[in-house]
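Here are the chains, one letter per residue:
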Amino acid sequence: MKTVAILGTLDTKGPEYKFLKECIVKAGCETLVIDAGIKGAPYFTADITREQVAEAAGESLQAIVDKDDRGYAIEMMRNGAAKIVMELFGQGKFDGIVSLGGTAGTTIGSYSMQKLPVGFPKLQVSTVASGDTRPYVGAKDVTMMYSVVDIAGLNSISKKIISNAGYAIAGMVANDAAIADEKPLITATMFGVTTPCVNKAREYLEEKGYEVLVFHATGTGGQSMEALVEAGFIKGVLDITTTEWCDELVGGVFNAGPNRLEAAAKSGVPQVVSAGALDMVNFGAMDTVPQKFKGRNLYVHNPTVTLMRTTVEENSELGAVISSKLNMCTNKAALMIPLKGVSLIDSPGKPFYGPEEDKALFNALKTGLNNPNVEIIELDNEINDTEFAVAMAEKLCRLIETN
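**Q** An account of the overall build of the chain is requested, with residue identities and associated values reported.
**A** Broken down by element type, the chain carries 14 helices and 14 strands. Expressed as lengths along the three principal axes of its C-alpha atoms, the size of the chain is roughly 70 × 50 × 40 Å. Burial analysis of the chain (403 residues in total) assigns 52% to the buried set. A fraction of 72% describes how many contacts in the chain between residues 6 or more apart in sequence connect residues 24 or more apart. If you sum the accessible surface of the chain, you get close to 17100 Å²; carbon and sulfur atoms cover 51% of it.

Here it is as structure tokens:
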């Protein structure tokens, strides 16, 4: 019989969690309840107590209560719950996880869910599921269900929604369907200005029998790709478009965080990396560009996206940080440099043509890279030239075949 982990606060939301537990049992699953409550008596007895959760965070429950700091308490119980969830997951103790909550409960529940691998059933019923869910979903497949009414007692609306959640998570954990016609998976990163390269490389790889998953390099795209690599789904990475590092370093809107480019390196997945769209930082409409950048080389890509050309100094920094990530590679990899331009608008006559900027980037990449596992390949092409795209795809195939 499948088991669903229920993570929540059994003092403030006790009746709701008891009802959720009953629904899951009626749906044919066992439950494993983890209590992350802080004050007040638990509404019913959990399998993992709040005292255990606090201890997992390195603190006693009484010390957390005595501190009387709501933010601190949520952080500690969130951390402790996540540690326990991952320990239980590693032991195979549950097959899916569900949580209910407002902002605090959603923070605690979704934090643990983001630690679990892609494909593992995760369901968060939340009062904030109709707004910006990025902090709660991150790069994982956390399913968010809007509670419609506040999760504060049971009524005809909340009971229907909670029962739907119980039966939904039970259905998820019961799903043992095999995916037919599986092909080895390769990831590729793309932007509008590197699309020709990605399309040509994808055609080549598909002809070789691979399935190519393309991720738009918009921050969440890069994070999602890294999460799939970490989860072990991916056989090779074609990281053509590393532009998210521009936004991370300079302050654009499409940053993927400081760990971008680490998943394949650390896990030993073969990868071929290039400098796609490192000529640009992304902002929204022109009036959203920060005042300090108003004098820079700006290009209106469309009414909702404004691009800013990276400078010589920024390119030197970009080269240094990307080479530092490639220095982490534990397996064979390649860095492929398109000497004639890194995007559709980085060529003679185009708005971001910048031979000095590109030179600074390429020099920093080569100077900073000292990992013998990573081969540096320079080609006298623009990144979107067919020859360059095919060369990247061919190189990745060779790395995978010899892995």
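**Q** Now, about the pairing of strand S14 (residues 374-379): what can you tell me, with residues and values included?
**A** Of the strand pairs in this sheet, strand S13 (residues 333-338) and S14 are connected by 6 bridges, and their pairing is parallel. Bridge pairing in S14 links leucine 335 to isoleucine 376. Crossover S13 to S14 through helix H13 (residues 355-368) is right-handed.

**Q** Give me the nonpolar core: which residues, what numbers.
**A** Counting 31 residues, the largest nonpolar core has Leu7, Ile34, Met77, Phe94 and Ile97 as the members making the most contacts within it. Put simply, the parts of the chain that give this core at least two residues each are strand S1 (3-8), strand S2 (30-35), helix H2 (50-56), helix H3 (61-67), helix H4 (70-90), helix H5 (103-115) and helix H6 (134-137). In terms of residue count, H4 provides more of this core than any other element does, 8 residues in total. Sequence-distant contacts of methionine 77, defined by excluding residues within four places in its chain, comprise Ala36, Gly37, Ile38, Arg50, Val53, Ala54, Leu61 and Ile64. Grouped together as the second largest cluster of nonpolar side chains are 28 residues, Leu298, Met308, Ala333 and Val374 included.

**Q** Please give an account of helix H12 (residues 312-326) that cites residues and values.
**A** An ideal rise of 1.5 Å per residue puts 21 Å on 15 residues; H12 measures up with 21 Å between its terminal C-alpha atoms. Of the positions making up H12, those classed as buried are Glu314, Asn315, Leu318, Gly319, Val321, Ile322, Ser323, Lys325 and Leu326.

**Q** For helix H9 (residues 220-230), give the residues involved together with the corresponding values.
**A** Those residues of H9 that fall on the buried side of the exposure criterion are Gly221, Gly222, Met225, Glu226, Ala227, Leu228 and Val229. Packed against the buried residues of H9 are strand S6 (185-190), strand S7 (211-216), strand S8 (236-239), helix H10 (244-250) and helix H11 (263-267).

**Q** Hey, could you go over a negative patch on the surface for me, with residue numbers and the actual values?
**A** On the surface, Glu182, Glu206, Glu207 and Glu211 cluster together into a negatively charged patch. When you line up the elements, glutamate 206 lands in helix H8 (residues 195-207).

**Q** Got a sec to walk through the side chain of glutamine 124? Specific residues and values, please.
**A** Positionally, glutamine 124 belongs in strand S4 (residues 122-126). A distance of 3.4 Å separates a polar side-chain atom of glutamine 124 from the backbone oxygen of serine 99. Ignoring anything within four residues of it in the chain, the contact list for glutamine 124 reads Ser99, Leu100, Gly101, Gly105, Thr106, Gly109, Ser110, Met113, Val142, Thr143, Met144 and Met145.

**Q** A description of the packing of aromatic side chains should follow, citing residues and the corresponding values.
**A** Between two aromatic rings, the relevant description is the distance of the centres plus the angle of the planes. Overall, the coordinates contain 6 aromatic pairs when judged by the stated rule. When the centroid spacing of 5.6 Å and the interplanar angle of 85 degrees are considered together, the rings of phenylalanine 94 and phenylalanine 120 count as edge-to-face. Of the two residues, phenylalanine 94 is situated in the loop between H4 and strand S3 (96-101) and phenylalanine 120 in the loop between H5 and S4; the sequence distance between them amounts to 26 residues. A ring pair is formed by phenylalanine 283 and phenylalanine 293, whose centres lie 5.6 Å apart and whose planes are at 40 degrees; its orientation type is tilted. Taken together, the residues span a long stretch of sequence, with phenylalanine 283 in strand S10 (residues 280-283) and phenylalanine 293 in the loop between S10 and strand S11 (298-302) at a distance of 10 residues. The two residues phenylalanine 283 and phenylalanine 293 agree in class, both being buried. Joined through ring pairs, the aromatic side chains of Phe89, Phe94 and Phe120 make up one cluster. Here the guanidinium or amino end of lysine 67 rests over the ring plane of tyrosine 72, the centre of that ring lying 4.9 Å away. Taking the ring centre of tyrosine 111 as reference, the NZ or CZ of arginine 78 above it sits at 3.9 Å.

**Q** Would you mind going over the sheet that holds strand S9 (residues 271-273) in detail, with residue names and values included?
**A** The strand order across the open sheet formed by 6 strands is S7-S6-S8-S9-S13-S14, and the pairing between neighbours is parallel. Sheet topology places S7 and S14 at the edges, where each strand pairs with a single neighbour. Pairwise comparison of adjacent strand axes, ignoring direction, gives a mean angle of 15 degrees for this sheet. Across 3 bridges, S6 lies against S8 in parallel orientation.

**Q** Describe in detail the sheet that holds strand S12 (residues 305-309), supporting the description with residues and values.
**A** Through backbone hydrogen bonds, the strands of a sheet pair up, either in parallel or in antiparallel fashion. The strand order S10-S12-S11 describes an open sheet built from 3 strands, whose pairing is antiparallel. Edge strands, defined here as strands with exactly one partner in the open sheet, are S10 and S11. Neighbouring strand axes in the sheet, compared pairwise and without regard to direction, differ in orientation by 30 degrees on average. Both S11 and S12 contribute to a ladder of 4 bridges, which runs antiparallel. Pairing of valine 300 across the sheet is with threonine 306, part of S12.

**Q** Any chance you could break down the pattern of salt bridges for me, citing the residues and the numbers?
**A** Within this structure, the stated rule accounts for 17 salt bridges. Between glutamate 22 and lysine 18 there is a salt bridge, with the nearest N and O atoms lying 2.9 Å from each other. Taken as a pair, glutamate 22 and lysine 18 lie in helix H1 (residues 14-26) at a separation of 4 residues, close to a single helical turn. Taking relative accessible area as the criterion, lysine 18 reaches 35% and is therefore assigned partly exposed. As a salt-bridge pair, arginine 260 and aspartate 239 come within 2.8 Å of each other at their nearest N and O atoms. Separated by 21 residues along the polypeptide, arginine 260 in the loop between H10 and H11 and aspartate 239 in strand S8 bring together distant segments of the chain. The exposure class assigned to arginine 260 is buried, which follows from its relative accessible area of 3%.

Thresholds applied
The residue numbering used here restarts from 1 in each chain and proceeds along that chain's sequence as written. Reporting of local features is limited, given that this is a predicted model, to residues whose pLDDT is at least 70; pairs of side-chain atoms are given and counted only at 80 or more, and all residues count toward the totals for whole chains, interfaces and linings. Hydrogens are left out, water is left out, and the side-chain values use all remaining heavy atoms of the structure. Numbering of helices and strands runs from the N terminus; a helix is a DSSP stretch of H or I covering at least four residues, while a strand is a stretch of E covering at least two. Burial status follows relative accessibility: with a 1.4 Å probe on protein chains alone, a residue under 20% of its type maximum counts as buried, one over 50% as exposed, and anything between as partly exposed. The contact definition used throughout considers only heavy atoms, calling two residues in contact when any of these lie within 4.5 Å. Surface accessibility in these figures is a Shrake-Rupley result with a 1.4 Å probe; residues are shielded only by whichever protein chains are displayed. The pairing criterion for strands is at least two bridges between them, as found by DSSP. For a crossover, the right-handed case is the one in which the path from the first strand over the helix to the second runs clockwise, viewed with the strands pointing away from the viewer. Here the nonpolar core consists of buried residues drawn from Ala, Val, Leu, Ile, Met, Phe, Trp, Tyr and Cys, with membership extended through side-chain atoms lying within 4.5 Å. Every helix has an expected span of 1.5 Å times one less than the residues it contains. Patch rule: a residue counts if its relative accessible area is over 30% and it has no salt bridge; like charges are joined within 9 Å, and nonpolar side chains (Val, Leu, Ile, Met, Phe, Trp, Tyr) within 5 Å. Any carboxyl oxygen of Asp or Glu that lies within 4 Å of a side-chain nitrogen of Lys or Arg is treated as forming a salt bridge with it. By the counting rule applied here, Lys and Arg register as positive and Asp and Glu as negative, while His and the ends of each chain are not counted. All charge positions are set by atom: Lys at NZ, Arg at CZ, Asp at CG, Glu at CD. Within 3.5 Å is the distance limit for a polar contact, defined as a pair of N or O atoms, with the added protein rule that one can donate a hydrogen and the other accept it, and that residues adjacent in sequence qualify only through two side-chain atoms. Stacked, tilted and edge-to-face are the three classes assigned to paired rings of Phe, Tyr and Trp, where Trp is represented by its six-membered ring and a pair needs centres within 6.5 Å; plane angles under 30 degrees give stacked, over 60 edge-to-face, the rest tilted. Distance and angle both matter: a charge sits over a ring if NZ of Lys or CZ of Arg is within 6 Å of the ring centre and within 35 degrees of the ring normal. The axes are straight lines fitted to the C-alpha atoms, using for helices just the contacting stretch, and the angles between their N-to-C directions are given from 0 to 180°.

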